[in-house]
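# Examining the three-dimensional arrangement
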Amino acid sequence: MMASVTSMTFVIALYIFMLAAFTGYVVISRVPSILHTPLMSGSNFIHGIIVIGALNALFNATSIAEQAIGFVGVFLGAGNVMGGYVVTDRMLAMFRPSQKAEPARPEQEKPGQEKQGQP
Amino acid sequence: MFVEYCVGLSGLVASGLFIYGLKAMSSPVTAVAGIVAAGYGMLFVVAATFLNLFNITPEARPNLLVNVGLGVVALLLGSLWAGWRGRTVQMTSMPQMVAIFNGMGGGSAAALAAVELLGNHDIPLLPLSVTVIGALIGCISLSGSLIAWAKLDGRIRKPFRFSGQRAFNAALFAATVVLAVLTVMRYATPSAELPRDLFFGAALLLGVCMTLPIGGADMPVLISLYNAFTGLAVGLEGYIMNDPALMIAGMVVGSSGTLLTALMAKAMNRSLTNVLFSNFGETGGSSKGPEGEMTAADPADAATTMRYGASVIIVPGYGLAVAQAQQKLYEFVKILVAAGVDVKFAIHPVAGRMPGHMNVLLAEAGVPYDMIYDMEDINDSFATTDAALIIGANDVVNPEALTDKASPIYGMPILNAYKAHQVFVIKRGSGTGYSGVENPLFFQKNCTMVFGDAQAVLSKMVEAVKALGST
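- As recorded in an unreviewed UniProt entry, chain B goes by the name NAD(P) transhydrogenase subunit beta, listed as coming from Acetobacter garciniae.
- Under Catalytic activity (unreviewed entry), UniProt gives the following word-for-word description of chain B: "NAD(+) + NADPH + H(+)(in) = NADH + NADP(+) + H(+)(out)".
- UniProt's Subcellular location (unreviewed entry) comment on chain B is quoted here verbatim: "Cell inner membrane".

And the structure:
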């Protein structure tokens, strides 16, 4: 295990869990149902953070078995992150209001300055 | 010490961005900014993780280069594959794609737990138990999501059921728990291997057996549940990794996912235990069967009636998306709107194959979201509406859900399309819906069927209203 500045007791872990659980509950509780699918996909993306845990485990692997399983873990985690992001972004980009509320597009996107793909 | 602070702070920044991102994603106006913020958080924290290379255990130092190489290759392979799949997948197939990506996350959490359990570290009882619980949840999420994917993708068509299945699953669960306890007790002893390997096998099998009997209609709730499971597993593994970022992100998803699951289950009027342990559609063999006859009409006649009506509510269902007719539908709607008809879309919470899925499909066709109404907001309007146009939807407008206690879908809230003065239904044939239940609405006097492929029918409707001119 990494003994580090972030070492914590079990009780502190419970505090973190409790606060995070309330946060998740409150943040979601007033979501219109039109956003349920992108939101599920977005939270799916967020739990992809497991990839950094898998990376740390792989970095500290000492046997072939650990390396193999660690590799699989990082592969799966990376897929979770990338897939979750791309899919959510695609869906959200399609939601737009009626034309009257549409902001003037051409001014925002200058020619030759193409939007870079996010992570 | 410096490295640890940097890595720790990167996790803090990422957790903050995740929570901000989720919050922003709960309104259509700020949603895109939300996912982008969360994306930057993820990029940042993954990059910072490489700083941990300065901080690895002495035993792992000889493997440093190999491990880093493996890590980079796995990152690239995973993100390239998923990025390619995510970019190319059809919007109609989105639910199964989300299921796969979710399963991958669960698998990653399980793999992380497996690496920890493989080693011979000095882990106290409590963190060890947390790791094993996380592994159990992660495994269920992995194999369960894969089965859910296969079902949604049409690779497994029928729920797989046998007598005594519930008892079998209960026994399997008990066995998995026993193996989990053995895994904890035998950890770092010479006899650790057997129970540990059996435990992982049993946990994966449990996910498969839990999911197999569940019917296709309940799949969205299940995916949402597995999404929450993965979050929980990630949070628990975060504890063993001593990483608050994992704990926070995992637990936020765990709780929000649970809430989302409850909301969806409520929308379908099914409790979670109902979804998991009762077999949908089994209560069937329902009642008498509807009376009367279906009336069929020509697309042009139906279109003309709507064109000269004052108000039309459209109820789109999955059949619309299967026929790829959203674009055509919106073309038709634009003509009606230009002719002064008040057109609204009514979306049932479980329209499509996932809550909100239909909104995504309509958005893809360019329908602005302020034309789209939720069930609670529009249900009272049907009674004062001239025409309801139902396309490829069936169970969500079945009035039997309100009246017939013997019906398997009894109690599910429906769109009150049957109250409209005139109801038009575009449908391929006279068959039943996803749940296999007959719909008495189609036999009502004010209901007219327009049989045919949605794409073809809507094309004819567009032609018909165009021919009428715009006044």
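Moving on from the coordinates now.
### Notes on the sheet that holds strand β5 (residues 387-391) of chain B
Residue and element names in this part refer to chain B.
- An order of β1-β7-β6-β5-β2-β3-β4 is seen for the 7 strands of this open sheet, with the pairing classed as parallel. Across the chains shown, the open sheet's two edge strands, defined by having one partner strand only, are β1 (295-296) and β4 (372-374).
- Where β5 lies against strand β6 (residues 422-427), 5 bridges are found, and the strand directions are parallel. Of the residues in β6, the one forming a bridge with Ala387 is Gln422.
- Contacting β2 (311-316), β5, β6 and β7 (447-451), helix α11 (residues 299-307) crosses the sheet at an angle of about 140° to β6.
- Along the sheet, helix α13 (residues 326-338) makes contact with β2, β3 (342-347) and β5, crossing β3 at roughly 145°.

### Overview of the nonpolar core
- Judged by nonpolar contacts, the single largest core of 185 residues is most densely connected at Ile49 of chain A together with Phe332 of chain B.
- If one sorts the elements of this core by residue count, helix α4 (residues 94-118) of chain B sits on top with 14 residues.
- Domain assignment of the residues forming this core places at least three in each of domain 1 (95-281) and domain 2 (299-469) of chain B.
- Discounting residues that sit within four places of it in the chain, Phe332 of chain B has contacts with Ala303, Met306, Leu389, Leu458, Met461, Val462 and Val465 of chain B.

### Brief notes about the domain arrangement of chain B
- For chain B, the domain assignment lists domain 1 (95-281) and domain 2 (299-469).
- For domain 1 of chain B and domain 2 of chain B, the distance between their C-alpha centres works out to 38 Å.

Procedures and definitions
- Residues numbered from 1 in each chain as written.
- Chains lettered and ligands numbered in written order.
- Predicted model: local features only at pLDDT ≥ 70, side-chain atom pairs only at ≥ 80, totals over all residues.
- Heavy atoms only, no water.
- UniProt positions renumbered as here; feature names shortened; annotations may be inferred.
- Pairing = 2+ DSSP bridges.
- Helix = DSSP H or I, 4+ residues; strand = E, 2+ residues; numbered from the N terminus.
- Contact = heavy atoms within 4.5 Å.
- Axes fitted to C-alpha atoms, helices over the stretch in contact; angles between N-to-C directions.
- Core = buried A, V, L, I, M, F, W, Y, C linked by side-chain atoms within 4.5 Å.
- Buried < 20%, exposed > 50% of the residue type's maximum accessible area, 1.4 Å probe, protein only.
- Domains from an automatic or database assignment.

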